[in-house]
Structures are given as structure tokens and as C-alpha cells.
Amino acid sequence: MKFKNVAATTGLVVAAAIALAGCSSTATPAASSTPTTAAVDYSALSGTITAGGSSAQANAQAAWSTAFTAQAKNVVVNYDKSQGSGGGVTNWTAGSYDFAGSDSPLKAEQQTAAATLCGPTGAINLPIYLDGVAIIFNLPGVTNLNLTADTLAKIFSLKITTWNDPAIVAENPTATLPTTAITTVTRSDGSGTTATFTNYLSQTAPSVWTSAPGSAWPIAGTSAQKGTAGIVSAVTAGVGTIGYADHSAIAKLSSASIETAKGTYSPFSVDGTSAAFAAAASKATSTVAGDLAQKVDFTKITGADMYAIPLVSYGILCTTFKTPAQATLAKGYLGFIASATGQSVAAKNAGSAQIPASLLAEIQTSLALVK
Amino acid sequence: MSDDMTSATPSPRTTSRDSLKNSGSAPQGGGAGNGGASLRGSRVRPGDLIFHSLSTGSAIFIMVILAGVALFLIIQGIPAIVADWSTDPSLHEGFTLAYNNFWQYVGPLLYGTLFSSAIALVIGAPIGIGIALFISHYAPRRVAGFLGYIVDLLAAVPSVVFGLWGIIVIRPFLLPFSEWLNTNLGWIPLFGGQVSTTGSTILAGSVVLSVMILPIITSISREIFLQTPRLHEEAALALGATRWEMIRLAVFPYAKSGIVSATLLGLGRALGETMAIAMIISPAILVSIRLITEGENSQTIAANIALNFPIASTLQRQALIGTGLMLFVISLAVNIIARYIVTRGSAGGGGKKRKRPTLPITPMSDTSATTTLDIVTEEQKLGRIAVNSRAEGASV
């Protein structure tokens, strides 16, 4: 009986593979390599794109796949957001995904592991999603909160424990701050948002924040919640809570303004995040041709109109696919994402910021290398 | 008087059951062995052969699976268990940064797993047993059937749903209660510390966990309670026991080890629960007995694996698998203890049904009662109702 089932499953898989191959062989290569994206015709594409990873990208991916499949009617896009960045990369390395969504680019060891999947040409990281890490809080009577990086680091390392601490009062002279204890809400699971935020703290407040940046929250004693949604619901439920979350997911919670230029506190804005990213990001050194992994130097974000904590998330894919048809599909979809249209679709539907146009052009150039 | 009842009643049943079993099984066995063979001839029917090999295969299969899982956990876990965590580069980072060796990491996790399950059991077991008792002995038949169905339905609720329910309903619900406990009973270490403002406490997690283990405890104890011989119950009632006295004197002694094993199976469920705990509790890897704080909730093994698996490097993943091995060992230990309690309860072992009656001290029995019941038991084949009416008549 057991064998029968196995046989049936195998049959199914084989049938699916044949069907897929049949479908994709009819697909003609789309001209997705041109940087001018407005006139690209995706209607000739057909097949299934399977991807997964970063939950920060989830809302944007949903918007992108809806908009993309409206043009490419024979394409199905499956993006599994339940995996998280790490799980996405793991599954992609195992060969289950066409591309992985990840909040951090491949590490050297992951790049090595990817060689078995991608061959000698390796894998490229494409920055496709930009948003800000919002500092959300719930304090009755307070809707605007100004914080410097130092104070932020002190709050999140539990060195400041009450809302009427002199440091916070000095930065918010007009607000009436209660004696309420601060409940710091952080992520209990590994997260790209945590990696970005701890990276920000260690770069901008090195004297206060001494823990190494990373995707696991390093300090015990906080209220640790699972997932962005967990943070948002805990901050909403508690009184005197403060937490960090991807801006597109914070719903109606108030978020703090953070000091960028001396004495200027700027709130989150889509344009401010794009401007900050443009100022702070530079291409990280990479041995792989076309790799666009970014290094963000948060100390360069000093403009009064910039938002202090931009969060970039990547699409990771092989430069050489096992089947050219599948490469065409993935190129088509990622090319759409990295177009002006794609970025505005995400901004409109997921509330995210837009990747600067110069970088979008670079992504298109990198995508042209994919085969 | 009623004490005499309980001690007296079970012993005859032993005899009856045993004799029944013996008289039943002995001739049957003989018949199947001799008569069957001679009648059918020596040819083995294909149906028999297929069914025999299928069921044997299934039995072997489950053993192989279990051994395979154990082997997998050991082989995968060993590298991280023996590694030096303070120097190994891939363990000296991320979520395993603060620990010098595997035991330092798994110790608080083991504690947290046992602690949260213990609280869940303290809350859930009495309620589960209470529901089972209501269904089996108090509720009208129609209500009992419906209630039993509802409780079984609880087992089908996915734990993610329980997790969401915990976040949205139980956390805020417990908040005022936690504050009250902290203000008034804060001197008890359990309720001390900085009280949580979001409700993300081990108390909230354990309350949800206790609801999750209800179906197991309830359905097993209900079955055990229903197996209490009517004879015992009717006899107790006939001797003037109230409903509660009857349950205390006839049902509980009979069901004692059944309740223990139901509870331990519930514990097994609680130990392995992942999703709801991961969603509700704000975890930290430390040993703490505080129930209502935000940052001092001991993390459980299963939730810790779920939360950290996606970001783990190869060796960190092996460390998590190592903690999984420890969970496997505790679950095994819990099951062994459950078995031990059940067999010890039966004084001499054997099947569930036979062991119970030997529990009470037989020699104390009142002669007349024994005789009466002995007479009854000989006619037990006539059916339960007949027996009951006889017993009632006899003891009255």
C-alpha cells in the first residue's frame, strides 16, 4: 500500500514535470533585459514561478504577482512568506525555489553552498524592495516622539527603563511623558528587520550599543514576539510599549521621528527612505559578476529630509538556471519588479519606498546576465 | 460500611473476569488450534497471509521509523553537543553566542519546557477530569454525547488558531488578573517581578496549553470512567452513598491509574507544543519561576527550535536538533514513568482491565458481601442489566 502511494506520488511529480516542461518550451524569451521597462510585453510568458523567504517582502510580492500575472496571463507566481529570509535561502539552495527573498544578501558560506545549485557563475543578490524600519510605540497621550540614535540604543538595550527618563524628556520638551515603565518589544525569531535595526544601532550609537549586529535579538529581558505581526500586536496591546517593525506592517500605530541632521527629527516617509538609501548604500564587494549586494552605511544618513533606518530586501537567484525557460520566467518577473511600474505598484499597495532609478537600471543590467 | 463496600466489591470481579477470560480463551484457543486446522486442511489462505504480512509489516515499520528518528537526532545532534561553543566560530555568533557549551544552552530550555507544561497540567488536568466525570456520570445522555463531541472537536483545532486566540483573547483577559496578583501576592516568587503590560507571559501560554491538552485528558478519562463496573456504582449507591461518594469510592479507585496515564499523555502533548507557545510567550533562555513578567519567561525547546531554525547555520541547526534530542528523551521518560505508574497500580501487571480489581485489599471483605456477589458473577454472562438488578437485590 505504501509503495502504491509512493508510486502515485512519483507519477504525479513526473506528470507535473512533463507538463511544466511542455508549458515552458512554448515560452518565447521576453525582452526583459532592456532598462526601459514601460513597454515590456510579458504576455508570451507561461509557467510557474516558485519563490519564498522574507516576510517583509510579503505584501509587496502579493502586489507584484497580482500586477504581473495580470499582464502575463499564463504565469503563476507562488511566493511563500512563511519561511522567513533564512528559510527562503535554505529552500532556494536546496533547489526548491526559482529565487529567494531575503533581507540580507548571501554570506560567503551561503554563496559557496549555492555553487552546487548555480554552477561556477554563482548567485546574485538584487535589491528589489526598500522600506523603513519604523519605531512604533503605544503611549496614551503621546503621538509624536522624537528620539536620537543614542536614546534609541539606550531604550533597546534596557538602559533607559521609564518614559520620563531625562534623555527622552530632553528630546521631547513639549510632550507630557508619564512615569510608565518602558516595555521594549523585540523579535523572538530570526529576522532581517532585527539585522537591519541592530546594524543601525551599532553603527550610529557604538558607545551605547555594544552587541554584535545580527538577525537574532541579542539582549535578554525584552518582550520577545514572533514575527512582525507579533510585535505589532504586542505594542498595540501593551501600555508604554516600544518596538521596531517594517513600516509597511505597522497599521495605525504611531511611529517615532528619528534624528538625522543635528537637532532635526524626521518621521518615516517613502521619499525620505529612498533618499536615505541613495545616500547610504554602496555596492558591496563581490566576486560574482552582476551581484548588487548593498552595504548600507547608516552614519551617512544626515539629511534633514531623510529617514534614518532604511531596510533593503533582496531577490536572490542563480546567474545560470538549470532550465533556460525557467530563467526567462524569473527574469521576466524580477524585471517587472525592478521597473518603475513595479516599484510604484509596491509603493501603492504595500506602502513601501522605491528603489532609486539608477539602481533599478543596474538591476536590469544584472538580469540580462541571467540565463 | 462504604469502605467495606469498595474493598469487597472489586475482588469478586477479579475472579469473575479472570474465570471468564480463562474459560473463554482456553477452549477457543484449543478450537482454533486443532479444530480449525483439521477442518480447513493445511493450505494457507492467501488472504490470511497477506493480512498477516501487512500487519507485521506495519508493526515493523513503526519500529523502524522510531529508531530512525532517534538515530537521526543522535547523529545530527552529536556534533553540536560535543563542540566547544565558546571557540567554534559558527556557534560563537547569533542566538548561540552567549553559551559555553550545549548543556548551558539546553538546561534552561529543558526547565522552561517542563515548567510551562507543569503549569498547564495543574490548570488543565482537574478541569479535564471534571469534564470527563460530568460527561460520564452527571450529564443527561444527550448532553453528554454532545459535550463529548465538542471536547473531541477541540483536538482538531490547529495550534496556530490557539496561538492567535491566545494573543487576541487570553493575553488581554489575563492582564488585570496578573496585575492584581502582582500587587497583592507579589511576595510569592511566582507572581513577583516587573508585571507584563502586553500579557505575553508564560501564564498566558500555559493557560492556552491547558486548553489544548483538555481533549486528551478528557477523552481518555471519560473512557476509563465509563468502564467502571456498574456493579460497583450501584452497590455503592445502594449502600446509601451519595453521587459524589459513589464516584469517590467506586469510580476513582477503579480509574486511578487511567487518570494518571491520561494526565501524562496530556503532559506529552504539552511538552511538544510549538506554535501556540512560540506565538504567545515572550521567551528568554533563562531559569525563572516568575509567571507574569515580560522578560523572564523560560523558553521551551519546541518553540525555540521553531523560532531559530530558519536563521541557523549548519552547526547551530545541529545544536537545535540536539535540543530536540533532549525533548525526545524527556518525552520517552514521561511515557516510561506513565507505564510504570500504570503497571505498579495494577500490582502484577497485565492488561488494563484486569489489573484494577486487585488494587483494594481483599482480605478485609465482609463474607456476606463476597458470597452474594460471587453468586452474581457466575451469571454474569446473562448480561449487565440482569447482573445489576441481581446485585442490587442481593445487597439490599
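Residues numbered from 1 in each chain as written. Chains lettered and ligands numbered in written order. Predicted model: local features only at pLDDT ≥ 70, side-chain atom pairs only at ≥ 80, totals over all residues. Heavy atoms only, no water.

Novice: It is not clear to me how the confidence of the model for chain B should be interpreted in this structure. Could you clarify?
Specialist: Residue and element names in this part refer to chain B. Counting all residues, the mean pLDDT for chain B is 79, and 76% of those residues have values of 70 or more. Scored below 50 in pLDDT, residues 1–38 shows 48 contacts in the model against residues more than four places distant or in partner chains. Note that pLDDT drops below 50 for residues 347–396; the model gives that stretch 63 contacts with residues more than four away or on any other chain. The ipTM assigned to the predicted complex is 0.74, against a pTM of 0.76. (pLDDT = per-residue confidence, 0-100. Contact = heavy atoms within 4.5 Å.)

Novice: It is not clear to me how the environment of T287 of chain A should be interpreted in this structure. Could you clarify?
Specialist: Checked against the element boundaries, T287 of chain A lands in the loop between strand 12 (281–283) and strand 13 (294–296). Residues T287 of chain A and A357 of chain A, 70 residues apart in the sequence, show an inter-C-alpha distance of 24 Å. (Helix = DSSP H or I, 4+ residues; strand = E, 2+ residues; numbered from the N terminus.)

Novice: What should I look at first to understand the interface of chain B and chain A in this one?
Specialist: Size of an interface, as often reported, equals the accessible area lost when the parts are brought together. At the interface, 24 residues of chain B touch 26 residues of chain A. On the chain B side of the interface with chain A, the three residues burying the most area are T197, L307 and I311 of chain B, jointly 26% of the side's total. Where chain B meets chain A, there are zero salt bridges. Where chain B packs against chain A, one counts seven residue pairs in polar contact (both at pLDDT 80 or more). Every element with two or more residues in the side of chain B that touches chain A is listed here: helix 6 (159–185), helix 10 (275–280) and helix 11 (301–308) of chain B. Ranked by the residues each element gives to the side of chain B that touches chain A, the list is headed by helix 10 of chain B, at four residues. Residue composition of the side of chain B that touches chain A, grouped by class: 12 nonpolar, nine polar and three charged. (Buried area = accessible area lost by both parts, 1.4 Å probe. Salt bridge = Lys/Arg side-chain N within 4 Å of Asp/Glu carboxyl O. Polar contact = N/O pair within 3.5 Å; in protein donor to acceptor, adjacent residues only side chain to side chain. Nonpolar A, V, L, I, M, F, W, Y, C, P; charged D, E, K, R; others polar.)

Novice: Hey, could you run me through the sheet that holds strand 10 (residues 257–259) of chain A in this one?
Specialist: Each strand in a sheet pairs with its neighbour through backbone hydrogen bonds, running either in the same direction (parallel) or in the opposite one (antiparallel). All names here are of chain A. Judged by pairing direction, the sheet is mixed, and its three strands sit side by side in the order 5-10-11 without closing on themselves. Two strands in the sheet have a free side with no partner beyond their single neighbour: strand 5 (146–147) and strand 11 (265–266). Here two bridges tie strand 10 to strand 11, and the two strands are oriented antiparallel to one another. Pairing of I258 across the sheet is with S266, part of strand 11. (Pairing = 2+ DSSP bridges.)

Novice: Please explain unusual backbone geometry as it appears in this structure.
Specialist: Trans peptide bonds make up the majority, and among non-glycine residues the majority have a negative phi. All names here are of chain A. Phi is positive for L158, close to 65°, though the residue is something other than glycine. Topologically, L158 is positioned in the loop between helix 5 (149–156) and helix 6 (166–171). Positive phi is not limited to glycine here, since A251 has a value of about 55°.

Novice: Any chance you could explain the domain arrangement of chain A here in plain terms?
Specialist: All names here are of chain A. The domain boundaries assigned to chain A delineate domain 1 (3–131 + 282–293 + 311–367) and domain 2 (133–273). Counting from both sides, the interface comprises 12 residues of domain 1 and, opposite them, 10 residues of domain 2. Carbon and sulfur atoms make up 53% of the surface buried where domain 1 meets domain 2, a total of about 910 Å² over both sides. At the junction of domain 1 and domain 2, the tally comes to zero salt bridges. Taken together, the links from domain 1 to domain 2 amount to three residue pairs in polar contact (both at pLDDT 80 or more). Looking at the side of domain 1 that touches domain 2 element by element, the count peaks at three residues for strand 4 (residues 123–138). (Domains from an automatic or database assignment.)

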